[in-house]
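Residue-level structural notes
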Amino acid sequence: MRFTLAWATLRRHPVRTSLAMLGIAVAAALLLDMVMLSTGMTTSFRSLLLTRGYQLRVAPKGTLPFDSEATITGAQAIVAALRANPSIVAVSPTLGATLSLPDSRIPSTFALGVEAAVQGDYTVEQGSDVPPPIVDTMESGTATTHAVVSATFLARSGHVIGDTISVSAGLNAQLRTAARSKRVVLTGMGRFYYIPAETPVMALPLTSVRWLLGPGYVDRMSLAMAEVRPGDSASVERARTWIATTQPRVTAISTETAIRQVEERLSYFRQLAFVLGAISLGIGFLLVTTLVTLSVNERRGEIAVLRAIGTQRIGVLQQVLLEGLMLSGAGTLAGLLLGLVTARWLNSILRDFPGLPASFDFFVWSPDAALRALLLLFVSGLLAGLLPAWRASSLPIARALREEAVG
Amino acid sequence: MTSDSVMSGAIAVPSVIQCEKVERRYVMGDTPVHAVRGIDLDIARGDFVAITGPSGCGKSTLLHLLGTVDIPTSGRVIVDGRDTARMSDRDATDFRLRHIGFVFQRFYLMPTLSAAENVELPLAEAGMARAERRVRVRELLGYVGLGSRLDHRPTQLSGGEQQRVAIARALANGPSLLLADEPTGELDADTGASLLELFAQLHRDGTTLVFVTHDAVVARAAKRVVRLHDGRIASDTRGAP
């Protein structure tokens, strides 16, 4: 019966109730988005780093992966040493470079030299992967190689899968000649996790990129990724410490460390999200308090009559609290939908920022985040209804009836 | 006459209400009001009493005191043997729920609930099961002549019909005492007369009725008329039994 009466009370002023609900929905949507934003970037970054299960990144000493153009010398020995460690089950060396495309619509592309069997940079979505080299030695210039390219590469270069193109390195701009060139068959299209969506990229065998860059790069890599088993944080940390002590030319960064560094860099985002979330919670609170107080003030006579006909104080308290909860509950549900739509929209805008990895998301849906936001709003709705509910339940019956009679 | 019984005709009937030197003062805005001044009044079980007098004479305040929604500043109000000033708010509310029915001048029906739902409210408060409530509501609305208007909302009913719904609501838990504050105040003469006829019917069925009116003609429908003036009983007359 309390539910029926609460619903009836809210229906009494449908426009007012709808507007209040809409206000709460907007506040709830903002709160949900802020909760999603504050946790989403970390979640997204973590899942990005762990996409292929590599928990360690080995970069040139004192740098972050691909933070500079620095490379690691003595790469083959380092990779061999890592592979010899029984707790490290996979090592993926990568060499990054910018290659020229003499017969394409785009002048150059970012290239990743990878070992296809262990690479952790892309997933083939169309066509086939780069075949493993027949002999893992230095290539000759005449041998044709293979590449997986990004969708942006295909769209901007005008090439299609199956095309054979030329790539060059060491371009002399004045003579318009390249130090080294190679024919490349585009075998497939892939999604590159760490490369910004707007950047054309191709993945070639590591040996091909090293050959293109010249003899100085035969034993270099930009980065190596390592997978540790078991993958618990203690094992990863042990492996990281081992690399730090045995390989003085590199810096090993674990996923957790990288996430901590990103969290530090993006802490202002979380603070902003916290402040905006708190503001939206406050707005929702005030909306519910205002509307329920208004409703109680309008119904002083009715509430006095309810008390006169035998409704206990606690009954009136429950009744008014229920009204507040129904209002905030309905607003929150609407806000949940609105929040998801706006998060998706905002995410698509933010993802277009240049320089961000294609797989990075700002707003990540998680039931935990939604539950946290809903719980906050539930408590807020409960507290918001508490003051008017208490006032209604403490109404002096005879005085309220007298004042009603006077008009 | 004893302290706990009054004479109704030749038979001694136990009092349902006893007022002893009841005073009630309160402040309205900034103005102190001495609404009830030393009233002594006994009302017998099954009586039909009109409290009348000019506006501001303390009628409604006295009714509130009898209905346990207010307590006297001094003196005692005893309803069904219980001193209202000594009841906790919880006890007084429960007492009203089970023993007292209220009817108000402005009906005070919940506008977005149907007639049946309005009558159902005190039944639900009393903890009656849903199915049982439905049967009781049908019975009560049938009694007040609104058996075919169960699902109508107050706005779809005339003033007289709304007041009948309010009476059905007041009778929901079978109270021994029905208190009405200007029950015909918002009704035209014919509707008011038919409502008084319903009150007479309730009286014949054994309900103790006390109603407040400023209209001397309406007051004549009661068996006993208590006239107040300036917070005191000016006259207490009994009509034909």
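Throughout what follows, the structure given in this document is the object of discussion. Source: prediction; values computed, not measured.

1. Some details on unusual backbone geometry
Cis rather than trans, the peptide bond between Arg229 of chain A and Pro230 of chain A has omega equal to -10°. Locating Pro230 of chain A in the fold gives a position in the loop between strand S11 (223-228) and helix H6 (233-246).

2. Regarding the interface of chain A and chain B
Counting from both sides, the interface comprises 22 residues of chain A and, opposite them, 24 residues of chain B. Secondary structure elements with two or more residues in the side of chain A that touches chain B: helix H1 (2-12), helix H9 (300-308), helix H10 (313-351) and helix H12 (397-406) of chain A. Take the side of chain A that touches chain B: its biggest share by element is 6 residues, from H1 of chain A. Grouping the constituent residues of the side of chain A that touches chain B by class yields 10 nonpolar, 7 polar and 5 charged.

3. Description of the packing of helix H2 (residues 14-49) of chain A against helix H11 (residues 367-393) of chain A
All names here are of chain A. For the pair H2 and H11, interaxial distance at closest approach is 9 Å and the crossing angle is 140°. With respect to each other, H2 and H11 are oriented oblique. Between H2 and H11 the crossing geometry is right-handed. Across the interface between the two elements, Ala28, Leu31, Leu32, Val35, Met36 and Thr39 of H2 pack against Ala369, Ala370, Arg372, Ala373, Leu376 and Leu377 of H11.

4. Quick word on the sheet that holds strand S8 (residues 177-181) of chain B
All names here are of chain B. Spatially, S7-S8-S9-S4-S10-S11 is the arrangement adopted by the 6 strands of the open sheet, whose pairing is mixed. Only two strands of the sheet have a single partner each, and these edge strands are strand S7 (100-103) and strand S11 (232-238). Along the sheet, successive strands turn relative to each other by an average axial angle of 15°, direction set aside. Across 4 bridges, the pairing between strand S4 (residues 48-52) and strand S10 (residues 224-229) is parallel.

5. Overview of the packing of helix H5 (residues 159-171) of chain B against helix H6 (residues 189-204) of chain B
Residue and element names in this part refer to chain B. At a minimum axis distance of 10 Å, the contact between H5 and H6 shows a crossing angle of 20°. By the criterion of interaxial angle, the relationship of H5 to H6 is roughly parallel. As H5 runs across H6, the sense of the crossing is right-handed. Touching Gly159, Gly160, Gln163, Arg164 and Ile167 of H5 are Thr191, Ser194, Leu195 and Leu198, all from H6. Residue composition of the contact of H5 with H6, by class: 3 nonpolar, 5 polar and 1 charged.

6. Remarks on the pairing of strand S9 (residues 208-213) of chain B
All names here are of chain B. Buried residues dominate S9, accounting for 6 of its 6 residues. Residues of S9 alternate between two faces, with Thr208, Val210 and Val212 on one and Leu209, Phe211 and Thr213 on the opposite face, all of them buried. The sheet contact formed by S8 and S9 spans 5 bridges and is parallel. The residue of S9 that forms the bridge with Leu177 is Thr208. Handedness of the S8-H6-S9 crossover: right-handed.

The rules behind these values
Residues numbered from 1 in each chain as written. Chains lettered and ligands numbered in written order. Predicted model: local features only at pLDDT ≥ 70, side-chain atom pairs only at ≥ 80, totals over all residues. Helix = DSSP H or I, 4+ residues; strand = E, 2+ residues; numbered from the N terminus. Contact = placed C-beta atoms within 7 Å. Nonpolar A, V, L, I, M, F, W, Y, C, P; charged D, E, K, R; others polar. Axes fitted to C-alpha atoms, helices over the stretch in contact; angles between N-to-C directions. Parallel < 35°, antiparallel > 145°, perpendicular 65-115°, else oblique. Left-handed = near helix turned anticlockwise from the far one by under 90°. Pairing = 2+ DSSP bridges. Buried ≥ 20, exposed ≤ 12 C-beta atoms within 10 Å, placed from the backbone. Right-handed = clockwise from strand over helix to strand, strands pointing away.

Bear in mind that shape data such as this cannot, by itself, settle questions of function.
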